[in-house]
Amino acid sequence: MKLLVTGGAGYIGSVVSAQLVEAGHEVVVLDDLSTGHDDAVPAGARFVRGTLRKTAFEVLDGAGFDAVLHFAAKSLVGESVANPAKYWDGNVGESLALFDAMRRAGVGRIVFSSTAATYGEPESTPILETDPTRPTNPYGASKLAIDTILTEYARLYGFGAVSLRYFNVAGALGAQGERHTVETHLIPNVLKVALGEKDAVSVFGTDYPTADGTCVRDYVHVVDLGRAHLLALEDTESGAHKIYNLGSGSGYSVSEVVEVCRAVTGHPIPAEYGERRPGDPAVLVASSERINAALGWKPERDLNQMVADAWAFARR
Ligand code: UDP
């Protein structure tokens, strides 16, 4: 297939681009490099620098694309609370421009990077796709709004859309890995200590209602996550918007993650136990029964593998 990957210079977008190239697809990456890196775009993919608003139609029009994988987004929860307009414009405004460009260019198949943040604080665990969506920050709200637009565009314009709701993504695929300028995620921050870039990892909160008092999250290896996108592409069906969670059905606490990082790196990784980070739910674990039943997807790589691959990437 000929595929447009928005945000293909970012962490997950670059991994999926590499997997798509490997699977024999023709890949064009569109990215404005606001947070991505052009050297993350895999060899074998064509790179176009630009925003969705200014460049998507130009790239799509008359060029024979079969589908779009849409990763480009602002994704920092804290920043979204401080500057909501940046998220409504950067996520919803830019996505709407992309969907409009797709409509005008006659490209109706799309796989979209949605998020667990659309659910907000869960009432029960593991989270099902049928659970209430009550995001607790503008980031989650903006992603939920895009899901809603896709439901409408499937109904009104015959789009065939799949939203994949990511839980916690970790690991790397060779040269493609996580390197955010502002790094908020747990595993890369823990590995910075092992690399000697930081003295200790801050553990946010020790009084949650969990076995060891630290937050529990559902971690999925980026390679497993990427595989789901290739399956989802085949699942796009005109007039339908499907939503699938991507998780493992079980979780690890922050302390357990730090422990795995110590074992993998052989570094003592000192931890400083501090206050809760505002807005963090105690437990976020996904049921992935739906995508397992529909597409046969299930994660194959465990936390050890995620940390080992993230560690190999961090040392490059
Ligand atoms: N966390 C932490 N220290 C850090 C970064 C994260 O204790 O330096 C915790 C965070 O509070 C949450 C978990 O690790 O409970 C996962 O956070 P992350 O930002 O990686 O992903 P999120 O679940 O927020 O999407």
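This one's a predicted model, so the numbers in the text were calculated from it and none came from an experiment.

Read across the open sheet, the seven strands follow the order S3-S2-S1-S4-S5-S6-S11; overall the sheet is parallel. With partners counted over all chains shown, the strands left at the sheet margins are strand S3 (46-49) and strand S11 (241-246), one partner each. Taken over all neighbouring pairs, the strand axes of this sheet differ in orientation by 20 degrees on average, direction set aside. Pairing geometry for strand S4 (residues 67-70) and strand S5 (residues 109-115), over three bridges, is parallel. Across the sheet, residue His 70 finds its bridge partner in S5, namely Phe 112. In this fold helix H4 (residues 84-105) packs onto strand S1 (2-6), S4 and S5, with an angle of close to 175 degrees to the strand it touches most, S4.

UniProt records the feature "domain: NAD-dependent epimerase/dehydratase" (unreviewed entry) for residues 4-247 in the present numbering. The span residues 4-247 carries 38% helix and 20% strand; its end-to-end C-alpha distance comes to 25 Å.

Each assigned domain of the chain is listed with its residue range as follows: domain 1 (2-169 + 219-246) and domain 2 (171-218 + 249-315). Here the C-alpha centre of domain 2 lies 23 Å away from the C-alpha centre of domain 1. Taken residue by residue, the interface counts 41 residues in domain 1 and 38 residues in domain 2. Both sides together, the interface formed by domain 1 and domain 2 hides about 3,500 Å², and carbon and sulfur atoms give 61% of it. Area buried by domain 1 at its contact with domain 2 is led by Tyr 11, Tyr 219 and His 221, which between them contribute 25% of it. Where domain 1 touches domain 2, the interface holds four salt bridges. Linking domain 1 with domain 2 are 15 residue pairs in polar contact (both at pLDDT 80 or more). Sorting the residues of the side of domain 1 that touches domain 2 by element identifies helix H1 (11-22), strand S7 (168-170), strand S10 (219-221), helix H7 (222-235) and S11 as the ones contributing at least two each.

So, how was this worked out
- Residues numbered from 1 in each chain as written.
- Predicted model: local features only at pLDDT ≥ 70, side-chain atom pairs only at ≥ 80, totals over all residues.
- Heavy atoms only, no water.
- Pairing = 2+ DSSP bridges.
- Helix = DSSP H or I, 4+ residues; strand = E, 2+ residues; numbered from the N terminus.
- Axes fitted to C-alpha atoms, helices over the stretch in contact; angles between N-to-C directions.
- Contact = heavy atoms within 4.5 Å.
- UniProt positions renumbered as here; feature names shortened; annotations may be inferred.
- Domains from an automatic or database assignment.
- Buried area = accessible area lost by both parts, 1.4 Å probe.
- Salt bridge = Lys/Arg side-chain N within 4 Å of Asp/Glu carboxyl O.
- Polar contact = N/O pair within 3.5 Å; in protein donor to acceptor, adjacent residues only side chain to side chain.

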